[in-house]
Amino acid sequence: MKNNNISSSLIPHPSSLILVTGGAGYIGSHTLIELDKAGFDFIVLDNLSNSSEKAIRRVEKIINKKIPFVKGDIRDKKLLREIFKENKIDSVIHFAGLKAVGESVEKPLEYYENNVCGTNNLLEVMKEFGVKKFVFSSSATVYGEPDKMPVTEDMQTGVGITNPYGRSKYMIEEILKDLFISDNSWKIAILRYFNPVGAHESGMIGEDPEGIPNNLMPFITQVAVGKLPKLRVFGGDYPTHDGTGVRDYIHVMDLANAHVKALEYLNNNNDLNEPLIVNLGTGQGYSVLDMVKAFERASGVKIPYEIVDRRPGDIAKIYANPNKAKELLGWEAKRGIDEMCESAWNWQSKNPKGYKGE
Ligand code: NAD
Ligand code: UFG
């Protein structure tokens, strides 16, 4: 595998591996720790388009183990074939994708190419090699603007999605359902994440967005370290308890652990008659101002803010009914917003410039 930064050949290959695409990213890097804790071995594929290899190196320190890492793209079929040929891959956890909502409106073709074509490519190569276990990072965004709350998995998806990023997630879900219909020996888990925030307790890894953050929590933490002057709260006139948008924030380590549970579920169930689809949230909705207050409590730092116009495409409120994940996977979120804010602050205050500060 020339031209690729592969350390896997230096390491004795365990009998079966999980291929983690996008494993250098925010959620992927945290999930590696939980996978390791549960005794799974893995290899990471990431093109580093939105991440740094430093995240992998730091996870190596946390788990005290070398991580086989391939710098490459899920759209590169030749590379994928080489990875599947050289490693005994048993399953794939697929995080790789572009995720900036606003950017997806400007560059829809890039988003469909990367997310939809990239996933299709990966599935094709998996099929060629007879690897049929797949865990997919989907999103609450597939529900569009739901008319009932909390959201359950059987509710309508695909209608009212306001951007190409969200539609790419919906399209991939549909591809996965069709794939299962064509061959029910596939074992597929579609995980619909709500709003992941926070960081590993070590403060060594965390969310490190490029440029000005789009998401609320990294914006707040960058205001707290003085990188940004103040938070702009998008909309103060929503029909919510304080007028600001309500979301279901979930600690990234709880989310990471759900991937282990999903994989175990696929491993332990041989008679699945459809893809597993579960919401991963806490079931609690918090407003933007609730999050600001919780962050101030956790950090002792005042967050200046102003309320500005609504952000186009935002909805007033969304939170999960997480019961299905509890029933089927035995999983539920354990950490509350205080812990989410404390850990986000622990990461940001120790790494004010993210991985670039190293
Ligand atoms: P992230 O950008 O930190 O991680 C994604 C990783 O995929 C990055 O390391 C990036 O370099 C890599 N990547 C992108 N395109 C690739 C390609 N073509 N080939 C190889 N690697 C590629 O994002 P994240 O927050 O960790 O999200 C992980 C997954 O979860 C994404 O699919 C995202 O859409 C989904 N998700 C995220 C959120 C959220 O709020 N963070 C919510 C719902 C769903
Ligand atoms: N918000 C602000 N100011 C900011 C950023 C956000 O007020 O600077 C508000 C938003 O208006 C919204 C809330 O904070 O009310 C959360 O916004 P985020 O951008 O953090 O998250 P979203 O709910 O818009 O979307 C996120 C991810 C999507 C994912 C979705 C799943 O960005 O990729 O959660 O629910 F699909």
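It should be emphasised that the depicted structure is a prediction, and the values quoted were computed from it without experimental measurement.

Draft legend 1. Layout of the overall build of the chain. Along the chain, the regular secondary structure elements total eleven helices and 13 strands. Against the compact-globule benchmark of 21 Å for 358 residues, the chain has a radius of gyration of 20 Å, which places it among compact chains. Projected onto its principal axes, the C-alpha positions of the chain cover 55 × 45 × 40 Å. Out of the 358 residues belonging to the chain, those deemed buried represent 54%. For the chain, restricting intrachain contacts to residue pairs at least 6 apart in sequence, the fraction spanning at least 24 positions comes to 81%. Accessible surface, the chain: about 15,700 Å² in total, of which carbon and sulfur atoms supply 48%. Looking at the chain, you have 44 positive and 47 negative side-chain charges, and the mean spots of the two groups are 3 Å apart.

Draft legend 2. Inspection of the site of ligand 2 at higher detail. The environment of ligand 2 is formed by 21 residues, the closest being Ser139, Asn215, Arg232, Arg247 and Asp314. At the level of secondary structure, the elements contributing two or more residues to the shell around ligand 2 comprise helix 7 (216-224) and strand 8 (231-234). Ranked by the residues each element gives to the shell around ligand 2, the list is headed by strand 8, at four residues. Partitioned by chemical class, the residues of the shell around ligand 2 number eleven nonpolar, six polar and four charged.

Draft legend 3. Spotlight on helix 11 (residues 337-350). Its 14 residues give helix 11 an end-to-end C-alpha distance of 20 Å, which sits within 8% of 20 Å, the value for a rise of 1.5 Å per residue. Those residues of helix 11 that are buried are in contact with helix 2 (53-63), strand 7 (195-197), helix 7, strand 10 (249-251), strand 12 (286-287) and helix 9 (288-299).

Draft legend 4. Just helix 3 (residues 77-86), in detail. Among the residues of helix 3, Leu79, Leu80, Ile83 and Phe84 are the ones counted as buried. The buried residues of helix 3 occupy an angular sector of 135 degrees when projected down its axis, which confines them to one face. Opposite the buried face of helix 3, at more than 90 degrees from it, the exposed residues are Lys78 and Lys85.

Draft legend 5. Spotlight on the environment of Asn184. Of note, Asn184 is situated in the loop between helix 6 (164-182) and strand 6 (187-193). Sequence separation of Asn184 and Lys132 is 52 residues, and the distance between their C-alpha atoms is 9.7 Å.

Draft legend 6. A look at the nonpolar core. If you look at the biggest cluster of nonpolar residues, it comprises 45 residues, and the most contacted ones within it are Leu35, Phe42 and Leu280. Contributions of two or more residues to this core are made by strand 1 (17-21), helix 1 (26-37), strand 2 (42-46), helix 2, strand 6, helix 8 (252-268), strand 11 (276-280) and helix 10 (323-329). Among the elements that take part in this core, helix 8 stands out by supplying nine residues, more than any other. The next biggest cluster of nonpolar side chains, apart from the first, holds 29 residues, and it includes Val125, Phe136, Ile172 and Leu179.

Draft legend 7. Broad picture of the environment of Gly28. Looking at the secondary structure, you find Gly28 in helix 1. On the accessibility criterion, Gly28 (2% relative accessible area) is buried. As a C-alpha pair, Gly28 and His251 span 223 residues in sequence and 13 Å in three-dimensional space. Among all residues touching Gly28, those that are not within four sequence positions of it are Gly22, Gly23 and Phe95.

Draft legend 8. Just the packing of helix 1 against helix 8, in detail. As a packed pair, helix 1 and helix 8 sit with axes 8 Å apart at the nearest point and diverge in direction by 60 degrees. One element, helix 1, and the other, helix 8, form an angle in the oblique class. The handedness of the crossing between helix 1 and helix 8 is right-handed. Contact with helix 1, carried on its side by Tyr26, Ile27, His30, Thr31, Ile33, Glu34 and Leu35, involves Val252, Met253, Leu255, Ala256, Asn257, His259, Val260 and Leu263 of helix 8 and no other residues of that element.

Draft legend 9. Examining the site of ligand 1 more closely. Near ligand 1 you find 28 residues, and of these Ile27, Asp46, Asn50, Ser51 and Tyr165 are the closest. A distance of 2.8 Å is found between an oxygen atom of ligand 1 and a side-chain nitrogen or oxygen belonging to Lys169. Calculation on ligand 1 without its partners gives an accessible area of 810 Å², and the protein chains cover 95% of this total. Elements with a minimum of two residues in the shell around ligand 1: helix 1, strand 5 (133-139) and helix 6. No other element matches strand 5, which puts three residues into the shell around ligand 1. Grouping the amino acids of the shell around ligand 1 by side-chain chemistry returns eleven nonpolar, twelve polar and five charged.

Parameters and conventions
Residues numbered from 1 in each chain as written. Chains lettered and ligands numbered in written order. Predicted model: local features only at pLDDT ≥ 70, side-chain atom pairs only at ≥ 80, totals over all residues. Heavy atoms only, no water. Helix = DSSP H or I, 4+ residues; strand = E, 2+ residues; numbered from the N terminus. Rg over C-alpha atoms; globule rule 2.2 N^0.38 Å. Buried < 20%, exposed > 50% of the residue type's maximum accessible area, 1.4 Å probe, protein only. Contact = heavy atoms within 4.5 Å. Areas by Shrake-Rupley, 256 points an atom, 1.4 Å probe, with all protein chains shown as cover. Lys, Arg positive; Asp, Glu negative; His and termini not counted. Charge placed at Lys NZ, Arg CZ, Asp CG, Glu CD. Near = heavy atom within 4 Å. Nonpolar A, V, L, I, M, F, W, Y, C, P; charged D, E, K, R; others polar. Expected span 1.5 Å × (residues − 1). Arc of directions from axis to C-beta. Core = buried A, V, L, I, M, F, W, Y, C linked by side-chain atoms within 4.5 Å. Axes fitted to C-alpha atoms, helices over the stretch in contact; angles between N-to-C directions. Parallel < 35°, antiparallel > 145°, perpendicular 65-115°, else oblique. Left-handed = near helix turned anticlockwise from the far one by under 90°. Polar contact = N/O pair within 3.5 Å; in protein donor to acceptor, adjacent residues only side chain to side chain.

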